[in-house]
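Fold and geometry: a report
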Amino acid sequence: MNSVEDVLSTSALHINGPRLWKSLMDLAQLGATAKGGVCRLALTALDGQARDLFCQWCREAGCTVTVDQVGNIFARRAGRNPDLPPVMTGSHIDTQPTGGKFDGCFGVMAGLEVMRTLNDLGVQTEAPLEVVVWTNEEGSRFPPCMMGSGVFAEKFGLRDTLAKTDIAGISVGDALKAIGYDGDRPASGHPVGAYFEAHIEQGPILEDQGKTIGVVLGALGQKWFDLTLTGLEAHAGPTPMHLRRDALVGAAQVVSEVNRVGHAYQPHACATVGCLELKPGSRNVIPGEVHLTMDFRHLEQARLDGMIEEVKAVIEASCSRHGLSYRLTPTADFPPLYFSDECVDAVRQGAAALGLEHMDIVSGAGHDAIFLAELAPTAMIFVPCEGGISHNEIENAEPEHLAAGCAVLLRAMLHAAQGAHAAQRTSA
């Protein structure tokens, strides 16, 4: 038997790296693709099989498994004091249609490995620990993304969420019933002591900097827009250049400006035009309408707003210059988020105690941790992925990096569970 203090007092990784890797590879067989990736969309039969396997492994590790009304799975390892809120970790096991083995799955399997390691060491924490599989994080089959954690955090209503349908008209509620994961545990209202999420970076920074651990400070704020520019379709031959109302020329100036502000507002700025459609789409017709999407991200709200205002000014000027009208529609708005200083410090100290090269980083993508951060102290742990590639069948990560991230997760969760006990003693 060991105590929490015994584990935290050494620089050993403790976790079983080969076991973690095998779990990831076994899970990846469910929905495996010919190119080495995974296609396991949310609430499909394959997702049901992956959930069954996770629940089996958790029960074998001595955890109690419950399922809530939106299909989130909670595997609890008992603590000495059941009245303390659990220290949670987790992520998702649904994938993109051409997804990889590690996105989301690493966070879930790392949480399971923490439970298994504590069993190996004979450690009992004061607060309970939980590993969570969040339903439909990807949003590939059912919109929106981060669905399960959103319902848990009361960002989305349960009734409306269960009524969402895929392109075949199948509802979330019916899909949950079909795979046997329409649980009866209430989907919200549960206290959380702290939440940690381990994840591949899904970007190239850690690999570029030669670091093993990313200490995630927070997540970039995001604002998305749909923009439609309307000019006048006309024949490409008889219409002189100075009399044209070319919507594509106006759009080109907007695209250039979006790219410019993304560079100008560094650090922590991203600006992207991801979709562009023009009408009528004929080689000898001047485009009369262009639809495009704009995605702006920044860690500081004022600078995020500044990027958008500069682009809006160019939209106005371009439309005036080229005789166009426009319609700008906001489609998403997530404010910048800073994670809990205490939890972030626990990750940083864990990496340092293990002698791992680490750096502060921010998340440019959405994660379940973003919703959990509004309920409890939260932090994330990033590990490198090869070439920064994710949402792709060639997504890859090194076993030693995954083991290191899991070891940091172990220390951070133990620190939080120990801190909850100390806080209770102080209040008593």
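Residues numbered from 1 in each chain as written. Predicted model: local features only at pLDDT ≥ 70, side-chain atom pairs only at ≥ 80, totals over all residues. Heavy atoms only, no water.

- As recorded in an unreviewed UniProt entry, the protein chain goes by the name Zn-dependent hydrolase, listed as coming from Stutzerimonas azotifigens.

A few points about empty space enclosed by the protein
- Inspection of every chain in the model, using the stated rule, returns 1 cavity of 30 Å³ or more.
- What the largest cavity holds in volume is close to 30 Å³.
- If you trace the largest cavity, you find it lined by D94, T95, Q96, G99, G100, D103, E138 and H391. (1 Å grid on protein atoms, 1.4 Å probe; cavity = no way out; pocket = protein on both sides within 12 Å on 5 of 7 lines; lining within 4 Å. Points joined across faces, edges and corners; volume = space filled by probe spheres on them.)

Examining the layout of surface pockets
- Of the pockets and cavities examined, the largest pocket occupies roughly 560 Å³.
- What lines the largest pocket is a set of 28 residues, among which C145, Q222, W224, R297 and G366 lie closest to the centre.
- Going through the elements one at a time, β7 (221-230), β12 (289-298), β13 (325-334) and α12 (368-372) are the ones with two or more residues in the lining of the largest pocket.
- In terms of residue count, β13 provides more of the lining of the largest pocket than any other element does, 3 residues in total.
- Grouping the amino acids of the lining of the largest pocket by side-chain chemistry returns 14 nonpolar, 9 polar and 5 charged.
- Quantified by volume, the second largest pocket comes out at close to 400 Å³.
- Around the second largest pocket, the lining comprises 19 residues; the ones closest to its centre are E201, I205, V362, S363 and G364.
- Those elements giving two or more residues to the lining of the second largest pocket turn out to be β9 (269-272) and β15 (358-363).
- If you tally residues by element for the lining of the second largest pocket, the top one is β15, at 5 residues. (Helix = DSSP H or I, 4+ residues; strand = E, 2+ residues; numbered from the N terminus. Nonpolar A, V, L, I, M, F, W, Y, C, P; charged D, E, K, R; others polar.)

Some words on the pairing of strand β1 (residues 64-67)
- Every second residue of β1 is oriented toward a common face, the buried set being V65 and V67 and the non-buried set T64 and T66.
- Connecting the antiparallel pair β1 and strand β2 (residues 73-77) is a turn made up of 5 residues, with G71 showing a positive phi of about 90 degrees. (Buried < 20%, exposed > 50% of the residue type's maximum accessible area, 1.4 Å probe, protein only. Pairing = 2+ DSSP bridges.)

Let's talk about unusual backbone geometry
- For the bond from P143 to P144, the omega torsion is 0 degrees, close enough to zero to count as cis.
- For P144, the location among the structural elements is in the loop between β4 (129-133) and α5 (147-152).
- For the peptide bond that leads from Q266 to P267, omega is 0 degrees, which places it in the cis range.
- Note on placement: P267 falls in the loop between α9 (247-264) and β9.
- Positioned with a positive phi, H14 is a non-glycine residue whose angle comes to about 70 degrees.

Looking at the pattern of salt bridges
- Per the counting criterion, the structure on display carries 17 salt bridges.
- Among the ionic pairs, K211 bridges to E357, the shortest N-O distance being 3.3 Å. Taken together, the residues span a long stretch of sequence, with K211 in the loop between α8 (205-209) and β6 (213-219) and E357 in the loop between α11 (341-353) and β15 at a distance of 146 residues.
- The shortest N-O distance in the salt bridge between R348 and D360 comes to 3.1 Å. (Salt bridge = Lys/Arg side-chain N within 4 Å of Asp/Glu carboxyl O.)

Some thoughts on the packing of α9 against helix α10 (residues 301-322)
- Following both chains from N to C, one finds α9 and α10 inclined at 160 degrees, their axes separated by 9 Å at the closest point. What the angle tells us is that α9 and α10 run roughly antiparallel. The two elements α9 and α10 meet at a crossing, and its hand is right-handed. Between α9, through V249, G250, Q253, V254, E257, V258, R260, V261, G262 and A264, and α10, the contact on the second element is made entirely by R303, M307, E310, V311, V314, I315, S318, R321 and H322. (Axes fitted to C-alpha atoms, helices over the stretch in contact; angles between N-to-C directions. Parallel < 35°, antiparallel > 145°, perpendicular 65-115°, else oblique. Left-handed = near helix turned anticlockwise from the far one by under 90°. Contact = heavy atoms within 4.5 Å.)

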